[in-house]
Amino acid sequence: MSKLVRDNVQGVETLELTGKRMNTVVLDNIISTANQIKERTQAEDVILDVADILELLNVFLITENIKAQDVFAKAQEVRNELGSYTKKLIIKE
């Protein structure tokens with residue numbers, strides 16, 4: 001898996017990605033970071049990982065020419081129509 005780095009990284013050779021390849025790498029990095037959260041025990045580590053996921057989502061949206069505010073508006077619309085996850089419910093298996 002390719003590791004995305006922030007644009008202020010120094011001392012390593014980098015390659016700029018675009019399009020579908022970029023989105024594949026972004027989504028892979030989101031999944032990897034989300035999996036790391038499962039192992040976290042400190043709130044600060046969780047906050048940093050979630051901040052990285054938000055930054056990665058922002059890059060994905062930019063690549064897809066989608067405005068973040070449109071996503072937040074759609075999330076509110078879906079929440080109003082279908083409800084939220086705040087009650088932490090799952091379907092019994």
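(A) The arrangement of helix α3 (residues 68–82) in detail. Taking 1.5 Å per residue as the helical rise, α3 with its 15 residues ought to reach 21 Å, and the 21 Å between its terminal C-alpha atoms agrees with that figure. Trailing α3 by a residue or two, glycine 83 shows a phi angle of about 100°, which is positive.

(B) A look at the nonpolar core. Of all hydrophobic cores here, the largest spans 5 residues; its members are Met22, Val26, Ile30, Ile53 and Leu56. When contributions to this core are tallied by element, the ones reaching two or more residues are α1 (19–37) and α2 (43–63). Among the elements that line this core, the one with the most residues is α1, at 3 residues. The residues contacting leucine 56, other than those within four sequence positions of it, are Leu4, Val26, Asn29, Ile30 and Thr33.

(C) Region of the structure containing the environment of leucine 17. With respect to the secondary-structure elements, leucine 17 resides in the segment before α1. Those residues in contact with leucine 17 that sit more than four places away from it in its chain are Met22 and Val25.

(D) Spatial organisation of the confidence of the model for the protein chain. Per-residue confidence for the protein chain gives a mean pLDDT of 93; residues scoring 70 or more make up 100%. Averaged pLDDT values for the elements of the protein chain fall to 94 in α1 and rise to 97 in α3.

(E) Here's a closer look at unusual backbone geometry. With a phi angle near 55°, asparagine 65 is a residue other than glycine that sits in the positive phi range. Its location among the elements puts asparagine 65 in the loop between α2 and α3. Despite not being glycine, lysine 88 has its phi angle at roughly 60°, a positive value. Mapped onto the secondary structure, lysine 88 falls in the segment after α3.

Reading the values: the criteria
- Residues numbered from 1 in each chain as written.
- Predicted model: local features only at pLDDT ≥ 70, side-chain atom pairs only at ≥ 80, totals over all residues.
- Heavy atoms only, no water.
- Helix = DSSP H or I, 4+ residues; strand = E, 2+ residues; numbered from the N terminus.
- Expected span 1.5 Å × (residues − 1).
- Core = buried A, V, L, I, M, F, W, Y, C linked by side-chain atoms within 4.5 Å.
- Buried < 20%, exposed > 50% of the residue type's maximum accessible area, 1.4 Å probe, protein only.
- Contact = heavy atoms within 4.5 Å.
- pLDDT = per-residue confidence, 0-100.

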